[in-house]
Amino acid sequence: MSAHLTVAEVARRLNVSVRFAYTIAKSEIGTVRHGRVLRVGGPEALRDDPLRVLRIARTVAGDLAWRLDGDTVRLAREAAPSLNEVAGERIGYEIRGTICGASPLRGLAALRRIGGLEAVLPEVAALDGVTQSKYHHLDVGGHTREVLDYSLQLESQLSAFVD
């Protein structure tokens, strides 16, 4: 990064920013609803460090309800193939953060949407569309996500099963 950048340029390049979107519902005049939108400051942010693609998914997997800005999705999909240049330890850290977040299924869905799943876990991405026998109601990808969801539900109720 050049030493001649302004503070605004540095912030635009480095940060995945949060924009609080306030909308007033027509049916509830005067009630303000809050939405959190995750967006990158510009294409440089993801080109300079493609790992930020995975950080987006980790943030979405956190305990707040984030929506992804359309430009962020597009830019992340463009940057995702560059993840093969990132050290495996850094990728592993971000993937663990996504899977261990408050909402791992939401994080994995975001990872797929922004192209990161295909880039770093192609085996998992390939599970979608793999059919099973007539006794299964979902394909392998859907079944895997369903098992993860049920496991998380059981884990949250673990104290009910332990004396």
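The structure presented is a predicted model; accordingly, all values stated were derived computationally and were not measured.

The next thing to look at is the environment of W66. Examined against the element boundaries, W66 turns out to sit in strand β3 (residues 66-68). On the basis of relative accessibility, which here comes to 14%, the residue W66 falls in the buried class. Spatially, the C-alpha atoms of W66 and L38 are 6.3 Å apart, while their sequence positions differ by 28 residues. Polar side-chain contacts of W66 include one of 3.5 Å to the backbone oxygen of T59.

Attention now goes to the packing of helix α6 (residues 104-113) against helix α9 (residues 140-156). Taken N-terminus to C-terminus, the directions of α6 and α9 make an angle of 150°; their axes are 10 Å apart at the nearest point. When the axis of α6 is compared with that of α9, the two are roughly antiparallel. Of the residues in α9, those touching α6 at P104, L105 and L108 are R145, L148, D149 and L152. In the contact of α6 with α9, the residues fall into five nonpolar, no polar and two charged.

Further remarks concern the pattern of salt bridges. As enumerated under the stated definition, the model contains nine salt bridges in all. Taking the shortest distance from any N to any O, the salt bridge between R55 and D49 comes out at 3.9 Å. Using a relative accessible area of 13% as the deciding quantity, one classes D49 as buried. A salt bridge links D49 to R90; the shortest N-O distance between them is 2.9 Å. Of the two residues, D49 sits in the loop between α2 (43-48) and α3 (52-60) while R90 sits in helix α5 (residues 88-99), which places them 41 residues apart along the sequence. Overlapping salt bridges, with partners in common, bring together D49, R55, R58, R90 and E94 in one network.

Turning our eyes to something else, we now look at the confidence of the model for the protein chain. Of the residues in the protein chain, 79% reach a pLDDT of 70 or more, and the chain-wide mean stands at 81. Per-element confidence in the protein chain is highest for helix α7 (residues 116-120), whose mean pLDDT is 95, and lowest for strand β1 (residues 16-24), whose mean pLDDT is 43. The low-confidence segment residues 18-33 (pLDDT under 50) makes 27 contacts with residues lying over four places distant or belonging to another chain.

We now examine the environment of A79. Within the element layout of this structure, A79 appears in helix α4 (residues 70-79). Classification of A79 by relative accessible area gives buried; the value is 6%. Measuring from C-alpha to C-alpha, the distance between A79 and R47 comes to 6.2 Å, with 32 residues separating the pair along the chain. For A79, the residues in contact, after removing those within four places along its chain, are L46, P50 and V53.

Together, L154, L158, F161 and V162 give the surface a local cluster of nonpolar side chains, amounting to about 420 Å² of exposed area. Relative to the helices and strands, F161 resides in the segment after α9. Residue F161 is classed as exposed on the basis of its relative accessible area, which comes to 58%.

Conventions and cut-offs
- Residues numbered from 1 in each chain as written.
- Predicted model: local features only at pLDDT ≥ 70, side-chain atom pairs only at ≥ 80, totals over all residues.
- Heavy atoms only, no water.
- Helix = DSSP H or I, 4+ residues; strand = E, 2+ residues; numbered from the N terminus.
- Buried < 20%, exposed > 50% of the residue type's maximum accessible area, 1.4 Å probe, protein only.
- Polar contact = N/O pair within 3.5 Å; in protein donor to acceptor, adjacent residues only side chain to side chain.
- Axes fitted to C-alpha atoms, helices over the stretch in contact; angles between N-to-C directions.
- Parallel < 35°, antiparallel > 145°, perpendicular 65-115°, else oblique.
- Contact = heavy atoms within 4.5 Å.
- Nonpolar A, V, L, I, M, F, W, Y, C, P; charged D, E, K, R; others polar.
- Salt bridge = Lys/Arg side-chain N within 4 Å of Asp/Glu carboxyl O.
- pLDDT = per-residue confidence, 0-100.
- Patch = residues over 30% accessible without salt bridge, like charges linked within 9 Å, V, L, I, M, F, W, Y side chains within 5 Å.
- Areas by Shrake-Rupley, 256 points an atom, 1.4 Å probe, with all protein chains shown as cover.

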